[in-house]
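# Summary of structural features
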Amino acid sequence: MHREPWIYFCGPKDLLARKAILDSLSSSGVATQSLNIDAPSGEGIICFSSVDDDLCDFVREVSHNREKRVLAVPLDGTQVDSQQAWSLLRAGASDVFLWSSVSEMASQVKARLDRWRAVDELLQSPVIKKNLIGQSPAWRSALRQIVEVARFTTAAVLLIGESGTGKEMVGRLVHELDSRVCGNELVIVDCTTISPELSGSEFFGHERGAFTGAIGARDGAFAKAHGGTLFLDEVGELPLALQAQLLRVVQEGTYKRVGSNAWQRSQFRLVSATNRDLLQSIEQGHFRHDLYHRIGGWIFRVPPLHERREDILPLASHFLRTFLPDISVADFDLPVREHLISRPYPGNVRDLRQLIARICSRHVGPGPITIGDLPEDEYPAGAPTKESWRHPEFERSIAQALSLGVGLKEISQGAADTATHIAMREGNGNLRDAARRLGVTDRALQMRRAARRRQNDE
Ligand SMILES: Nc1ncnc2c1ncn2[C@@H]1O[C@H](COP(=O)(O)OP(=O)(O)OP(=O)(O)O)[C@@H](O)[C@H]1O
Ligand SMILES: [Mg+2]
């Protein structure tokens, strides 16, 4: 079901060199198509002969700001220094690599495409599609990286993010996707509820008579997680004394039961989650930096809901179907939709879930959810205005540009380019629709795009 990747050549028209690349890709099993320059979509390969701002802008456009994977492959004889490689990566390229023979290049491309495909298949699998709702670029980008690490490595994973963003759900997913795990357990330890006196036993288990009340031997979390996953939830709350005790077992997988001198072994994948800023906790002396490095083989930030507003309605419909499985029209009236999208969610997805639960308990009769179903404390102070697009993220982006020395001209140009891309993409490449939404004439939009293309083209 995968579309063939597109390929685009920037640079002198050396037809022989181009043919050699296409032939080699094809004999490695990589069929390509040409890029629809007016509405670039899907994954692709850019072959280039020099790195400059135009190439980076082009990569930014075709990768849709990193959302679509793009390989940047220098043409034979093209030099790329580290600085240039980083510029391409920052512009949205997934990889940049030099090559010595065209067949080597083709097999490197093939290997990367195969990996992307495997990751995409996992992303489309029922375990994700049914449970983890979200299609926004921020969510998809986070999930894509998490899925790859979960399936293709056994590294320790640390999930950070605000409360209610879905860290526990993602932790469970890492366990389910682990290629080692086959029916083995996911053991969740909530570090907020660990009692300092019994904590050793909870993790390490104990022998009979190890302490008063230890009437029988008992396995701890490490033993239970053998062959599976240990999930340390709210790891930032772990008492300092216990952090020291965990170092060895996290690193080497060996530990002693309380009341025993014999070493035990346990092989498990460690997943930890926290909504604390652990680096700040380290500075304040509340968290050990050596433990931080051991639990954070890979560190992923689960994005807050305000960075993925596109996910609000799909999540809302998902919760609606969960709470009212018999509802005939799983939909919200326009004012409700607008309210759901513009409302703040300090408790993230959990907040949204609770709101939908409250809405559902008020809803009666057939038909969609209407504005009267909203609880009274949800009534907005005023109607949404045209100004409401200026979210804090927008200001943050501009502040970052200014701090990097980007001037007003480039910022305005960037904003106009972004608006054009979005209008073209959402209108499926229809220029007239896009021009209407942008409030310009068809001709002005045509000229603008032609000018940008000329800059990008050879
Ligand atoms: N992508 C998602 N799709 C569907 N439901 C989600 C998603 N993300 C979160 N949820 C739901 O939101 C609620 C909160 O999720 P979860 O407990 O995983 O968050 P958390 O980040 O661990 O929160 P906390 O930091 O408070 O422990 C749960 O009911 C979960 O089912
Ligand atoms: Mg949690």
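If you're wondering where the values come from, they're calculated on a predicted model, not measured in any experiment. (Residues numbered from 1 in each chain as written. Chains lettered and ligands numbered in written order. Predicted model: local features only at pLDDT ≥ 70, side-chain atom pairs only at ≥ 80, totals over all residues.)

## A closer look at the overall build of the chain
- Check the secondary structure of the chain and you find 19 helices and twelve strands.
- For the chain, the C-alpha atoms occupy an extent of roughly 85 × 65 × 45 Å along the three principal directions.
- Long-range pairs, those at least 24 residues apart, make up 74% of the contacts in the chain between residues at least 6 apart in sequence. (Helix = DSSP H or I, 4+ residues; strand = E, 2+ residues; numbered from the N terminus. Contact = placed C-beta atoms within 7 Å.)

## Here's the deal with the nonpolar core
- Ranked by size, the top nonpolar core spans 43 residues in total, and within it Ile146, Leu159, Phe222, Leu230 and Leu270 carry the most contacts.
- With seven residues, the single largest contributor to this core is helix 6 (residues 137–152).
- In this structure, leucine 270 is in contact with Ala156, Leu230, Leu232, Val250 and Ile295, ignoring residues within four places of it in sequence.
- In this structure, Ile45, Val62, Val73 and Ala93 belong to the second largest nonpolar core, which totals 29 residues. (Core = buried A, V, L, I, M, F, W, Y, C linked by C-beta atoms within 7 Å. Buried ≥ 20, exposed ≤ 12 C-beta atoms within 10 Å, placed from the backbone.)

## Observations concerning the pairing of strand 8 (residues 229–233)
- The buried count for strand 8 comes to four of five residues, which makes it a mostly enclosed element.
- As defined by bridge partners, strand 7 (residues 186–190) adjoins strand 8 across five bridges and the pair is classed as parallel. From the neighbouring strand, valine 187 faces strand 8, where its bridge partner is leucine 230.
- Bridge count between strand 8 and strand 11 (residues 269–274): four bridges; the pairing is parallel. (Pairing = 2+ DSSP bridges.)

## Remarks on the environment of arginine 117
- Along the chain, arginine 117 falls in helix 4 (residues 102–123).
- A residue is classified by how many C-beta atoms lie within 10 Å of it, and arginine 117, with 13 of them, is partly exposed.
- On a C-alpha basis, the gap between arginine 117 and proline 239 in space is 42 Å, while along the polypeptide they are 122 residues apart.

## Examining the site of ligand 1
- Residues in close proximity to ligand 1 total 18 residues, the closest being Ser163, Gly166, Lys167, Glu168 and Val349.
- The set of elements that each furnish at least two residues to the shell around ligand 1 consists of helix 7 (167–177), helix 13 (312–323) and helix 15 (348–362).
- Counted by class, the shell around ligand 1 contains six nonpolar, eight polar and four charged residues.
- Two domains each provide a minimum of three residues to the shell around ligand 1, namely domain 2 (137–301) and domain 3 (306–384). (Near = placed C-beta within 6 Å. Nonpolar A, V, L, I, M, F, W, Y, C, P; charged D, E, K, R; others polar. Domains from an automatic or database assignment.)

## Overview of the sheet that holds strand 4 (residues 70–74)
- Strand order in the open sheet made by the five strands is 2-1-3-4-5, with parallel pairing throughout. The open sheet has two edge strands, strand 2 (33–34) and strand 5 (95–96), and neither has a second partner.
- As paired strands, strand 3 (residues 44–48) and strand 4 are joined by five bridges and run parallel to one another. From the neighbouring strand, glycine 44 faces strand 4, where its bridge partner is valine 70.

## Focus on the sheet that holds strand 6 (residues 157–160)
- Taken in spatial order, the five strands make up an open sheet running 7-8-11-6-12, and their pairing is parallel. Strand pairing shows two members of the sheet lacking a second neighbour, strand 7 and strand 12 (298–301), which therefore form its edges. The sheet shows a mean angle of 20 degrees between the axes of neighbouring strands, taken without regard to direction. (Axes fitted to C-alpha atoms, helices over the stretch in contact; angles between N-to-C directions.)

## Things to note about the pairing of strand 4
- Of all the five residues making up strand 4, five are buried; the element is thus mostly covered by neighbouring parts of the structure.
- With burial as the criterion, each face of strand 4 is covered, one bearing Val70, Ala72 and Pro74 and the other bearing Leu71 and Val73.
- Note on the crossover from strand 3 through helix 2 (residues 53–62) to strand 4: the handedness is right-handed.
- On the question of chirality, the crossover connecting strand 4 to the parallel strand 5 by way of helix 3 (residues 82–91) is right-handed. (Right-handed = clockwise from strand over helix to strand, strands pointing away.)

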